[in-house]
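# Secondary and tertiary structure notes
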Amino acid sequence: QIESPSVPRNITVVGEGVLSLKPDMATINVGAEARADTASEAKDTVDERMDSITSALLDAGVVDADIQTSHYYIHYEREPLPMMGDMPVTETQGAYIVSSMVQVTIREVDIAGDVLDAAVQAGANQVHGVSFTVSDEGAWRSQSRAEAMADARVRAQELAELAGVELGEVLTVSEIIGGVQYPGMMMRPMGGGGSGVAPGELDFRTQIQVTFAVY
């Protein structure tokens, strides 16, 4: 009979590291949309507005390298003609719709509201996706991991004492990655900010599962 190798007794815990950070960067998506009888007319209107928006962004302190086209489309939309009495609608009328968006990276989060104001005043009638982040993400991620590992050891030590055993070496370590948060960040509003833009704080959260041997 072949004996299976003995499995060492162990304790598995999940440690968590959370850093509350003030964001120092912002990203906004702004642009213009126009409707006209011809594609060229709608395109000319949008292009003119986008030139004004870009100039306003540069004047507000955004550098040219941080302005990138993220969306541009031309679409013909048909609409039914109004009904004439009880007669069925057999004809349609329509218009060309042109839309253009740029993604703007703002490296001074305190001016995010002013930048958004400048874009709207210059003709932007489309605003999507205002988000905040930190510039040195790698350093904060490492610190969050370190805190999660320390938290795991504290939890394991407490359980070992409650169980009347001695905590030993680390057997396995794995980082828990899941959910929709990226990168483990959640915005917590704090008020303030122009144009309804409130940077708030970011919770940079890391969870690590650690298995310790016990004796």
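Cut-off values and rules
- Residues numbered from 1 in each chain as written.
- Predicted model: local features only at pLDDT ≥ 70, side-chain atom pairs only at ≥ 80, totals over all residues.
- Heavy atoms only, no water.
- Buried < 20%, exposed > 50% of the residue type's maximum accessible area, 1.4 Å probe, protein only.
- Helix = DSSP H or I, 4+ residues; strand = E, 2+ residues; numbered from the N terminus.
- Pairing = 2+ DSSP bridges.
- Patch = residues over 30% accessible without salt bridge, like charges linked within 9 Å, V, L, I, M, F, W, Y side chains within 5 Å.
- Areas by Shrake-Rupley, 256 points an atom, 1.4 Å probe, with all protein chains shown as cover.
- Salt bridge = Lys/Arg side-chain N within 4 Å of Asp/Glu carboxyl O.
- Lys, Arg positive; Asp, Glu negative; His and termini not counted.
- Charge placed at Lys NZ, Arg CZ, Asp CG, Glu CD.
- Polar contact = N/O pair within 3.5 Å; in protein donor to acceptor, adjacent residues only side chain to side chain.
- Contact = heavy atoms within 4.5 Å.
- Expected span 1.5 Å × (residues − 1).
- Core = buried A, V, L, I, M, F, W, Y, C linked by side-chain atoms within 4.5 Å.
- Phe/Tyr/Trp six-rings, centres within 6.5 Å; stacked < 30°, edge-to-face > 60°.
- pLDDT = per-residue confidence, 0-100.

## Focus: the pairing of strand S1 (residues 10–21)
Of the two faces of S1, the one lined by Ile11, Val13, Gly15, Gly17, Leu19 and Leu21 is fully buried and the one lined by Asn10, Thr12, Val14, Glu16, Val18 and Ser20 carries no buried residue. Sheet analysis places S1 next to strand S8 (residues 201–214), joined by twelve bridges and oriented antiparallel. Pairing of serine 20 across the sheet is with aspartate 203, part of S8.

## Focus on a negative patch on the surface
A contiguous patch of negative charge on the surface is contributed by Asp37, Glu41, Asp44, Glu48 and Asp51. Within the element layout of this structure, aspartate 51 appears in helix H1 (residues 39–59). Owing to a relative accessible area of 54%, aspartate 51 belongs among the exposed residues under this scheme.

## Describing the side chain of aspartate 66
You can see aspartate 66 is positioned in the loop between H1 and strand S3 (67–80). Among the polar contacts listed, one links the side chain of aspartate 66 to the side chain of arginine 107, at a separation of 2.9 Å. If we ignore the near neighbours within four places in the chain, the residues touching aspartate 66 are Gln103, Val104, Thr105 and Arg107.

## What to know about helix H3 (residues 137–163)
Taking 1.5 Å as the rise per residue, H3 with 27 residues should run 39 Å; its terminal C-alpha atoms sit 39 Å apart, in good agreement. Those residues of H3 that fall on the buried side of the exposure criterion are Ser144, Ala148, Ala152, Ala156 and Ala160. Buried positions along H3 lie against S1, strand S6 (167–176) and S8. One or two steps after H3, the chain reaches glycine 164, where phi turns positive at roughly 75°.

## Let's talk about a nonpolar patch on the surface
Taken together, the side chains of Val120, Val127 and Val130 present a nonpolar region at the surface, about 200 Å² in accessible area. Among the secondary structure elements, valine 130 is positioned in strand S5 (residues 126–133).

## Quick look at the nonpolar core
Counting 25 residues, the largest nonpolar core has Ile28, Val30, Ile53, Leu57, Val102, Val104 and Ile106 as the members making the most contacts within it. It is strand S2 (residues 25–36) that provides the largest number of residues to this core, a total of six residues. Ignoring anything within four residues of it in the chain, the contact list for isoleucine 106 reads Asp24, Met25, Ala26, Ile28, Ile111, Ala112 and Val115. Judged by nonpolar contacts, the second largest core, of eleven residues, contains Ala156, Ala160, Leu167 and Val210.

## Some details on the packing of aromatic side chains
For any two aromatic rings, the description comes down to two numbers: the centre-to-centre distance and the angle of the planes. Scanning all chains against the criterion turns up one aromatic pair. Judged by centre distance (4.7 Å) and plane angle (55°), the rings of tyrosine 76 and tyrosine 96 are tilted. You can see tyrosine 76 sitting in strand S3 and its partner tyrosine 96 sitting in strand S4 (residues 92–106), a full 20 residues away along the chain. Residue tyrosine 76 is classed as partly exposed on the basis of its relative accessible area, which comes to 32%.

## Brief notes about the confidence of the model for the chain
Summing up the model confidence of the chain, the mean pLDDT is 85 and the portion of residues at 70 or higher is 82%. The secondary structure element of the chain with the lowest average pLDDT is strand S7 (residues 185–188), at 39, and the one with the highest is H1, at 97. Under a pLDDT of 50 for its full length, residues 179–193 has, in the predicted model, 32 contacts with residues more than four places off or in other chains.

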